[in-house]
Amino acid sequence: MRFFKETHIDFMGKRRTWYMISLAVIMVGMISLAIKGIGFGIDFLGGTELIVQFSAEPDVSQIRSMMDNAGYRNVEIKTYGDPLRILLRTESQGEGTTVADQIKATLQQTFPNMNPTVLEETKIGPKIGAELRKDAFYAIIFSLLAIMIYVGFRFKFIYGIGAVAALFHDVLVTLGVISIIDGITPFTNFEIDQNMIAALLTLVGLSVNDTVVIFDRIRENQKIYKTLSLTEVMNKSLNQTLSRTLITSGTIFIVTVILFLFGGEVNRGFGFALTFGIITGTYSSIYIASAVVLDYSNWRLAKKAKPVMKGKTVYEPIAQ
């Protein structure tokens with residue numbers, strides 16, 4: 001099955017325009033992260049978290065006053081996928097389940113007619129939270145290094161740099177968009193927890209898969225079309241793989257959208273990160289990974305300053 005029989009899109013000719021668009025999106029996202037940020041989940045912060053079901057929609061300001069009077073300041077209170085369901089999160093630590101028990105008792109006293117029922121109770125110690133943050137950071141860094149080494153050995157080192165640049169682009173854009181839309185609706189309350197880290201690592205694996213397929217086609221076409229410039233070879237390779245790329249990414253996109261919409265509150269952040277990540281991963285395989293390789297190759301040729309045929313760019317074939 002092919003969406004397009006034959007396309008002749010000049011992908012590489014527009015790469016600088018797309019560089020600027022990517023840079024603008026990343027900058028907006030980074031500004032949002034710096035000003036608004038994204039809250040860490042209890043996995044990384046440590047503390048006590050309760051998900052409480054009420055029989056009628058509770059007044060959040062009344063819950064906050066209740067927590068203040070009970071001595072718990074700066075408590076995070078938000079709806080949890082349903083107006084009748086509230087998430088309470090405090091970084092307060094206590095012996096055993098004393099914090100959770102006190103909150104439950106206070107809820108029963110404050111809302112006796114709304115039957116507050118605890119659906120889920122979680123307690124994470126501060127040391128465990130710190131270790132999980134450190135492990136998540138190392139997992140992302142080592143994943144990117146492993147991918148750069150693998151792609152570098154399989155093709156050339158600059159191809160590994162191009163692949164990792166695309167992955168950094170995907171992660172930064174996805175985090176920025178999550179920060180921007182976080183909290184806009186009850187449906188988009190996101191946080192950085194273990195599920196979100198798992199989504200970003202999955203995104204890294206899916207995105208590099210597309211990139212490797214395109215690099216493989218470029219390598220094959222370099223042997224077939226020896227008289228073409230690298231720009232022409234890349235455009236031909238991207239057009240030849242375009243249908244395959246859209247079909248593969250499209251099937252994953254459908255699954256992640258369903259997961260985001262119907263996967264429940266726990267999986268919503270995971271589903272959204274993958275849904276948006278698949279879009280930016282497909283884009284970056286074309287306009288970031290390949291474009292970085294092309295610009296580096298052109299820069300090396302210019303640096304060598306060897307005379308070349310007018311209108312023709314000489315390139316170095318990828319080593320087998």
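Considering helix α6 (residues 157-181)
Between the first and last C-alpha of α6 there are 37 Å, a value that for 25 residues agrees with the 36 Å anticipated at 1.5 Å per step. α6 sits mainly inside the fold: 18 of its 25 residues count as buried. Just downstream of α6 lies Gly183, where phi reads positive at about 85°.

Quick notes on the environment of Leu261
Along the polypeptide, Leu261 turns up in helix α8 (residues 230-262). Exposure remark for Leu261: the relative accessible area of 37% places this residue in the partly exposed category.

Some points on the packing of aromatic side chains
Overall, the coordinates contain 14 aromatic pairs when judged by the stated rule. Ring centres of Phe137 and Tyr138 lie 6.0 Å apart, and the angle between their planes is 55°; this geometry places the pair in the tilted category. A centroid spacing of 5.6 Å and a plane angle of 75° characterise the contact between Phe155 and Phe215, whose relative ring orientation is edge-to-face. Highlighted residues: Phe155 in the loop between α5 (126-154) and α6 and Phe215 in helix α7 (residues 194-224), separated in sequence by 60 residues. In terms of burial, Phe155 and Phe215 fall into one category: buried. Grouping aromatic residues by their ring pairs yields a cluster made of Phe11, Trp18, Tyr283 and Tyr287.

With respect to the side chain of Thr106
Along the chain, the position of Thr106 falls in helix α4 (residues 98-110). Those residues in contact with Thr106, other than ones at most four positions away along the chain, are Met66 and Ala70.

Regarding the pattern of salt bridges
Evaluated as defined, the whole model comprises ten salt bridges. Here Arg15 and Asp295 are joined by a salt bridge, their closest N and O atoms 2.8 Å apart. Note that Arg15 is positioned in helix α1 (residues 15-35) and Asp295 in helix α9 (residues 264-304), a separation of 280 residues in sequence. According to the relative accessible area criterion, Asp295 is buried, its value standing at 18%. Between Asp210 and Arg244 there is a salt bridge; the shortest N-O distance is 2.7 Å. Of the two residues, Asp210 sits in helix α7 while Arg244 sits in helix α8, which places them 34 residues apart along the sequence. Given the relative accessible area of 5%, Asp210 is considered buried. A relative accessible area of 30% means that Arg244 is categorised as partly exposed. Through salt bridges that share partners, Arg15, Arg16 and Asp295 make up one connected network.

Remarks on a nonpolar patch on the surface
A surface patch of nonpolar side chains, about 670 Å² in accessible area, is lined by Phe187, Phe253, Ile254, Ile258, Leu261, Phe262 and Ile279. Per-element tally for the nonpolar patch: the top contributor is α8, with five residues. Looking at where Phe253 falls in the secondary structure, it is placed in helix α8.

Thoughts on the environment of Ala302
Inspection of the secondary structure assignment puts Ala302 in helix α9. Taking the relative accessible area as the measure of exposure, Ala302 reaches 56% and is therefore exposed.

What counts and how
- Residues numbered from 1 in each chain as written.
- Predicted model: local features only at pLDDT ≥ 70, side-chain atom pairs only at ≥ 80, totals over all residues.
- Heavy atoms only, no water.
- Helix = DSSP H or I, 4+ residues; strand = E, 2+ residues; numbered from the N terminus.
- Expected span 1.5 Å × (residues − 1).
- Buried < 20%, exposed > 50% of the residue type's maximum accessible area, 1.4 Å probe, protein only.
- Phe/Tyr/Trp six-rings, centres within 6.5 Å; stacked < 30°, edge-to-face > 60°.
- Contact = heavy atoms within 4.5 Å.
- Salt bridge = Lys/Arg side-chain N within 4 Å of Asp/Glu carboxyl O.
- Patch = residues over 30% accessible without salt bridge, like charges linked within 9 Å, V, L, I, M, F, W, Y side chains within 5 Å.
- Areas by Shrake-Rupley, 256 points an atom, 1.4 Å probe, with all protein chains shown as cover.

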